[in-house]
Each structure stands twice: as structure tokens, then as C-alpha cells.
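Take a look at the letters that make up each chain.
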Amino acid sequence: MIDLHTHSTFSDGTFTPAQLISSAQAIRLRAIALTDHDTIEGIPVLQAAAENSGVEVIPGVEISVDVKLRNKGHMHILGLLIDPSHAELKETLTFLSRERALRGDRIVESLQRLGMDVSRQELQEEAGEGAIGRPHIARILLRKGYVRDIQDAFDRFLGKGCPGYVDKKKLNEADAIRLIHNAGGLAILAHPQYMNFATFAETREKILQLKMLGLDGVEVFYSGMPNDFQKALQSLAIEENLVVSGGSDFHGENKPGISLGSGRDNDLNIPLEILEALKQRKAERHLC
Ligand code: AMP
Ligand code: FE
Ligand code: FE
Ligand code: ZN
């Protein structure tokens, strides 16, 4: 079994890279991709922790894309098998992480205006080495008793349309895919169901547009993806020669109920062949 979508303390996960590796070993995962939001800083740390562990590390990143989607839909594109030392990738992600920090400050200010006792300093401490994200703020609100749980924090304060919501700087679709390709990676549409289109036909249309921009594949194995959606996505991937990926989107305690590798209630069991097909596609792409 493998897991090609995970987060660490370098973004909004609660497991350090070393903890990810020991958990992966415990359940005998053959490979994990670290796909932190807008940062690759955790990759060398994960690679060091993985030495002689029997767990293969796949360098990755998850990029938030600037696109207007109805019904609170959002688009994330995974870069898998990227070169983490690529200069343009590093520079662009450093810029996005700085923007995240500034946005975190603005969220804190709006919560302060609501009368909450939260500070920029606390947010920095909560995020530590990580690229700042809303889950860090959710954890502070939870600790201080302002919310019942992480979900409640998003529902009442941090979600789109809520009083503490602040949008963040994002790359557009074309730039995100180009950046991933420049860094040698494959561009994979993460959790396509979260684009929240009303019909699969619209989802299909959007995926075909992304394919024109160079999208390589789609995340087909993802916890909780509705069955009919998954079937349609799998067929689309075959028809359109898109590669298939899958992962748990593990965030540790920031996404309760999701386990590394096996997802929610064991609904994932992603075989090593998926990774082999991705490597094969990468090799083919770089021939032309
Ligand atoms: P950000 O990148 O700072 O906008 O935060 C996005 C992250 O927040 C996602 O990757 C999830 O980890 C988490 N998140 C977003 N929406 C929700 C939600 N409704 N409930 C719980 N976690 C969420
Ligand atoms: Fe996240
Ligand atoms: Fe995502
Ligand atoms: Zn993710």
C-alpha cells in the first residue's frame, strides 16, 4: 500500500516528517508523498528520516489554485515527483508562504475585532516551522474554548463567507501546472469532487480544460469520494489517458478520522502499481 497525499508540520499537518515515517513503517507503507500546502521545506527532513526505513519518499506539493467556483468549490493541484531543489519552484513557494503569513495576520485581526483574545505571536508559535494555514488558527480557537472542534471553527469563523475568512494569494491554473512541469513533476488534480460542480458533466468539462493546460492526472482514490463520482472519474481517466493517483490527505489531528494510508474507515488501499504508472508517465513526458 502507498499514500500519495499527506501533510506534515511544515504546513497544516500535526505529524512531523519523522512521525510520518514511523507511522508509515508501522503500517508497512511502501511509499509516501509529502504534499504540504505551498511548501517543500519538509521534503529534505522527510528524506533524512526515511533513510533505511523501507519507505520510499515521493517529493510533492499541493498548490491552491485561483479559480472562481460556485458552492464554495475549490481547486488544489498536486505536484508529484517534483525536484525539490528546483530554483523557480522554491522561489514561488517562498513567495506564497510569505503571503500566507500576511493573510494569517489579517485573519487574527478580524478575530480580534470580534472580541477574541488571539494574537499574531500565538499564531506564529502554533504554526512553528509550518506555512501558516487556517487549521493553525482553528487549533488556537479550540484550545481557548471559542469553538467545540476544528470543524466548528471552520463553520463559524474561518470558512468562506464567515467573519474571519480572508482569501489568500494563489497561482492561476496555467501557472500552477507550468510551475510543476518546470520542476519536473506531474500535475494531478487533487480531490476533484471538492470543486463542487453540480454535475459530473461540468466536472469533466473543467478537467478537460485543465488537460489542455497540461494536467497529467486526477486523484481517483480519496476518502469519502462518492461511488458514482469515483466511477465516472476513473472512466474519464481511461478515456482521456490521464494518470490516476490517490492518497489519504492525512493531516494528523487537524483532520480527525483520517488515517495515514487507509483513509477513513479503511476506505483506501492504494497499490504500488499506481506509483509505478506515475513514474512511467513522468519518464514519457520528459522524452518529448
Ligand atoms: P488554508 O490553506 O489556510 O486556506 O486552509 C485550508 C485547509 O484547511 C485545508 O487544506 C484543510 O486542511 C482545512 N479545511 C478547509 N476547510 C475545512 C473545513 N470546512 N473543515 C475542516 N478543515 C478545513
Ligand atoms: Fe490542509
Ligand atoms: Fe487539498
Ligand atoms: Zn491536501
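Computed from a predicted model, the values in this text were never measured in an experiment.

Thresholds applied
Residues numbered from 1 in each chain as written. Chains lettered and ligands numbered in written order. Predicted model: local features only at pLDDT ≥ 70, side-chain atom pairs only at ≥ 80, totals over all residues. Heavy atoms only, no water. Donors = N, O, S within 2.8 Å, 3.2 Å for Na, K, Ca; no water. Tetrahedral: all angles 85-135°; square planar, octahedral: opposite > 155°, others 65-115°. Helix = DSSP H or I, 4+ residues; strand = E, 2+ residues; numbered from the N terminus. Buried < 20%, exposed > 50% of the residue type's maximum accessible area, 1.4 Å probe, protein only. Near = heavy atom within 4 Å. Polar contact = N/O pair within 3.5 Å; in protein donor to acceptor, adjacent residues only side chain to side chain. Areas by Shrake-Rupley, 256 points an atom, 1.4 Å probe, with all protein chains shown as cover. Nonpolar A, V, L, I, M, F, W, Y, C, P; charged D, E, K, R; others polar. Salt bridge = Lys/Arg side-chain N within 4 Å of Asp/Glu carboxyl O. Pairing = 2+ DSSP bridges. Axes fitted to C-alpha atoms, helices over the stretch in contact; angles between N-to-C directions. Contact = heavy atoms within 4.5 Å. Domains from an automatic or database assignment. Buried area = accessible area lost by both parts, 1.4 Å probe. Right-handed = clockwise from strand over helix to strand, strands pointing away.

(A) Just the coordination of the zinc ion (ligand 4), in detail. At the metal site, the zinc ion (ligand 4) is ligated by H5 (NE2), H7 (NE2), E62 (OE) and D249 (OD), and these contacts range over 2.1 to 2.2 Å. Every donor counted, the four donor atoms about the zinc ion (ligand 4) form angles of 81 to 170° at the centre, which fits irregular coordination. Between the two metals, the zinc ion (ligand 4) and the iron ion (ligand 2), the spacing is 4.9 Å. Here H7, found in the loop between β1 (2-6) and α1 (17-26), pairs with E62, found in strand β3 (residues 56-65); they are 55 residues apart in sequence, far enough to count as distant. In terms of burial, H7 and E62 fall into one category: buried.

(B) Looking closely at the site of ligand 1. Close to ligand 1 lie D12, H37, R100, R103, G133, R134, P135, Q151, F154, K168 and H251. Q151 has a polar side-chain atom sitting 3.1 Å from a nitrogen atom of ligand 1. When the free accessible area of ligand 1 is taken as 500 Å², the share hidden by the protein chains comes to 80%. Of all the secondary structure elements, the ones that give two or more residues to the shell around ligand 1 are α3 (87-113), α5 (134-143) and α6 (150-158). A class-by-class count of the residues in the shell around ligand 1 yields two nonpolar, four polar and five charged.

(C) Highlighting the coordination of the iron ion (ligand 3). Donor atoms from the polypeptide that bind the iron ion (ligand 3) are E62 (OE), H76 (ND1) and H191 (NE2), placed at 1.9 to 2.2 Å. Donor residues binding the iron ion (ligand 3) come from one chain and are separated in sequence as E-x13-H-x114-H. A distance of 5.9 Å spans the gap from the iron ion (ligand 3) to the iron ion (ligand 2). Taken together, the positions of E62 in strand β3 and H76 in strand β4 (residues 75-80) put the pair 14 residues apart, joining distant regions of the chain.

(D) Molecular detail of the pattern of salt bridges. Overall, the coordinates contain 19 salt bridges when judged by the stated rule. Here R120 ties to D105 by a salt bridge, and the two come within 3.3 Å at their closest N and O atoms. With R120 in helix α4 (residues 120-127) and D105 in helix α3, the pair connects residues that are 15 residues apart, well separated along the chain. Overall, the relative accessible area of 47% leaves R120 in the partly exposed class.

(E) Main features of the sheet that holds strand β6 (residues 217-221). Spatially, the seven strands line up as an open sheet ordered β1-β2-β3-β4-β5-β6-β7, and their pairing is mixed. Where the open sheet ends on each side, the last strands, each with one partner, are β1 and β7 (243-246). Recorded for the sheet is a direction-independent mean angle of 35° between the axes of neighbouring strands. Pairing geometry for strand β5 (residues 186-189) and β6, over two bridges, is parallel. Considered in β6, the bridge of I188 is made with G217. Contacts between α1 and the sheet are confined to β1, β2 (31-34) and β3, with β2 contributing the most and set at about 155° to the helix.

(F) Inspection of the domain arrangement of the chain at higher detail. When cut into domains, the chain gives domain 1 (2-93 + 169-287) and domain 2 (100-158). Placing the centre of domain 1 and that of domain 2 at their C-alpha centroids yields a distance of 26 Å. Domain 1 puts eleven residues into the contact, and the matching count from domain 2 is nine residues. When the buried area of domain 1 at its contact with domain 2 is split by residue, F10, D12 and N254 rank highest and sum to 48% of it. In this structure, the connection of domain 1 to domain 2 is made through two salt bridges. For the salt bridge of R100 with D38, the shortest nitrogen-to-oxygen distance reads 3.0 Å. Here domain 1 is connected to domain 2 by five residue pairs in polar contact (both at pLDDT 80 or more).

(G) Structural detail: the pairing of β2. On β2, burial covers both faces: A31 and A33 on one face and I32 and L34 on the other are all buried. Bridge count between β1 and β2: three bridges; the pairing is parallel. Counted as the bridge partner of I2 is A31 from β2. For the crossover that starts at β1, traverses α1 and ends in the parallel β2, the hand is right-handed. Direction of pairing for β2 relative to β3: parallel, over a ladder of four bridges. Bridged to I32 within β3 is V57.

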